[in-house]
Amino acid sequence: MGAGILETYREFLPVTDATPLITMGEGNTPLVKSNRLGKELGCDELYFKLEGCNPTGSFKDRGMVVAIAKALEDGSRAVMCASTGNTSASAAAYGAYCDLPVLVLIPKGEVAMGKLAQAMAYGARILMINGNFDSALALARAYTCKHSVTLVNSVNPHRLEGQKTGAFEIIESLGDAPDYLFIPVGNAGNITAYWRGFLEYQRAGRSLRLPKMMGFQAEGAAPIVRGAPVANPQTIASAIRIGNPASWQGAVDARDSSGGTIDMVSDDEILDAYRMIASKEGIFCEPASAASFAGLVKMCRQGLNLEGQRVVCIFTGNGLKDPDLAVRSVVSQTTEIEPTLEAVEAASLATAS
Ligand SMILES: *Cc1c(COP(=O)(O)O)cnc(C)c1O
């Protein structure tokens, strides 16, 4: 594999003879079976989709490769996005790969260090605004309406087209759709895209079932759960710190047509999940990604019975994006010792015995 999603799924994507089939190796990410956490929750078929294995470390690459290919096809000379971090990292990388200038609008002080480092390294023009993500997106929309620069946020329809390929891969790995899909919800593009992917594969006869779509927002940034935009969204999970989701209606449709739910989890629940996924499964994901598993834990506590059910959690991004948070939030098992064998033996006894 490694053919990239444009070539692999071209019949399901807006690919024409004029679309450049660019790829940086996005998609085809691992679906890993849980070894410990599933058992603890009474679920013998729990899987994690590791979207952090994409070229820039998040699922955003699936949509970005399509958006950038279509921008090239249309003769675009530059692209712009507003971002909580991962969209800008992805746009900047694909822009560098295709020699297309990239302008990113990011909320000052709200983007995790790893993501900012990526946008800088890939050479994007970075505009830090004194405002939050929602105001950055409003500005990017206004600017790209007025100037001939292509907007590559998920309001660009090509982004969701690319992102739906995550659902295709899950079906290919499992032979059919799972019973439940747990997914974090920020701007709500991804839950909308996954639902579309499941519907399209079913319609094409490649799957029989449809999953219940279980979306989770952070408590301080839960406009869909509360039924109204949140002016000042707050959560440690910066990738889902969004108060007025662009794909609000898509998320509601996914929930209602699938018989699923959109609920919220607290920052403490997110951090607990984040630590458990790393220390009990060996998977280091972003805090925002952990909202999916935090949601699963919450549902199980409320009595959801997963016996005989197949469950997939989407881990949307790589934990290395936000190392500050890991260092701050994990109780480390580090000891400083003298460089002698005796000191190593003394210190290791507690762990090894
Ligand atoms: C963008 C992003 C999300 C949220 O996805 P939406 O499509 O905005 O709902 C979640 N996790 C990570 C790591 C992201 O980068």
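Structure shown above.
Residues numbered from 1 in each chain as written. Predicted model: local features only at pLDDT ≥ 70, side-chain atom pairs only at ≥ 80, totals over all residues. Heavy atoms only, no water.

*Asks:* So, the packing of aromatic side chains: which residues are in play, and what are the values?
*Replies:* Scanning all chains against the criterion turns up 10 aromatic pairs. Between Tyr 194 and Phe 198, the ring centres sit 6.3 Å apart and the planes meet at 40°, which makes this aromatic pair tilted. Here Tyr 194 pairs with Phe 198, and both are found in helix α9 (residues 189–203), just 4 residues apart, close to one helical turn. Following the ring pairs from residue to residue traces out a cluster consisting of Tyr 9, Phe 12, Phe 168 and Tyr 201. (Phe/Tyr/Trp six-rings, centres within 6.5 Å; stacked < 30°, edge-to-face > 60°. Helix = DSSP H or I, 4+ residues; strand = E, 2+ residues; numbered from the N terminus.)

*Asks:* Could you give an account of the site of the ligand, with specific residues and numbers?
*Replies:* The immediate surroundings of the ligand are formed by 15 residues, with Lys 60, Asn 86, Asn 187, Asn 190 and Thr 316 found nearest. Contact between the ligand and Ala 188: an oxygen atom at 2.8 Å from a main-chain N or O atom of the residue. Thr 316 is positioned such that a nitrogen or oxygen atom in its side chain is 2.7 Å from a nitrogen atom of the ligand. Coverage of the ligand by the protein amounts to 96% of the 380 Å² it exposes when considered alone. Classifying every residue of the shell around the ligand by side-chain character gives 6 nonpolar, 7 polar and 2 charged. (Near = heavy atom within 4 Å. Polar contact = N/O pair within 3.5 Å; in protein donor to acceptor, adjacent residues only side chain to side chain. Areas by Shrake-Rupley, 256 points an atom, 1.4 Å probe, with all protein chains shown as cover. Nonpolar A, V, L, I, M, F, W, Y, C, P; charged D, E, K, R; others polar.)

*Asks:* Quick rundown of the sheet that holds strand β4 (residues 102–107)? Include the residues and the values.
*Replies:* Think of a sheet as strands paired side by side through backbone hydrogen bonds, with each pair either parallel or antiparallel. Sheet architecture is open: 4 strands sit in the order β5-β4-β3-β6, paired in parallel fashion. Of all strands in the sheet, those with a lone pairing partner are β5 (125–129) and β6 (150–151), marking the two edges. Sheet topology places strand β3 (residues 79–82) next to β6; 2 bridges connect them, and they run parallel. Paired with Val 79 across the strands is Thr 150, a residue of β6. (Pairing = 2+ DSSP bridges.)

*Asks:* Tell me about helix α13 (residues 287–301), and please be specific about residues and values.
*Replies:* Between its first and last C-alpha atoms α13 spans 20 Å; for 15 residues at 1.5 Å apiece the expected length is 21 Å, and the two agree. At Phe 293, α13 shows its maximal kink, close to 25°. Among the 15 residues that make up α13, 14 are buried, leaving the element largely enclosed by the rest of the structure. Trailing α13 by a residue or two, Gly 303 shows a phi angle of about 105°, which is positive. (Expected span 1.5 Å × (residues − 1). Bend = angle between axes of the 7 residues up to and from the residue. Buried < 20%, exposed > 50% of the residue type's maximum accessible area, 1.4 Å probe, protein only.)

*Asks:* An account of the pattern of salt bridges is needed here, citing residue identities and associated values.
*Replies:* Think of it this way: side chains of opposite charge can pair up when their charged atoms draw near. Tallied over the entire structure, the rule returns 16 salt bridges. Note that Glu 169 and Arg 62 form a salt bridge whose closest N and O atoms lie 2.9 Å from each other. Here the residue Glu 169 occupies a position in helix α8 (residues 165–174), and Arg 62 occupies one in helix α3 (residues 60–73), the gap between them amounting to 107 residues. Here Glu 169 matches Arg 62 in class, with each residue buried. A salt bridge links Lys 115 to Glu 286, with the nearest nitrogen and oxygen atoms 2.8 Å apart. With a gap of 171 residues between them, Lys 115 in helix α5 (residues 113–121) and Glu 286 in the loop between α12 (267–281) and α13 connect regions that are remote in the sequence. Classification of Lys 115 by relative accessible area gives buried; the value is 0%. Linked through salt bridges whose partners overlap, the residues forming this network are Lys 49, Glu 51, Arg 62 and Glu 169. (Salt bridge = Lys/Arg side-chain N within 4 Å of Asp/Glu carboxyl O.)

*Asks:* Any chance you could break down the sheet that holds strand β7 (residues 180–184) for me, citing the residues and the numbers?
*Replies:* The strand order across the open sheet formed by 6 strands is β1-β2-β10-β7-β8-β9, and the pairing between neighbours is mixed. Whereas interior strands pair on both sides, the edge strands pair on one side only; in this sheet they are β1 (31–33) and β9 (261–265). When the angles between neighbouring strand axes are averaged without regard to direction, this sheet yields 25°. Inspection of the sheet shows β7 paired to strand β10 (residues 310–315) by 3 bridges, in the parallel sense. Bridging across to β10, Leu 181 finds its partner in Val 312. Contacts from α12 reach β2 (45–50), β8 (212–218), β9 and β10 within the one sheet, and its direction differs from that of β9 by about 90°. (Axes fitted to C-alpha atoms, helices over the stretch in contact; angles between N-to-C directions. Contact = heavy atoms within 4.5 Å.)

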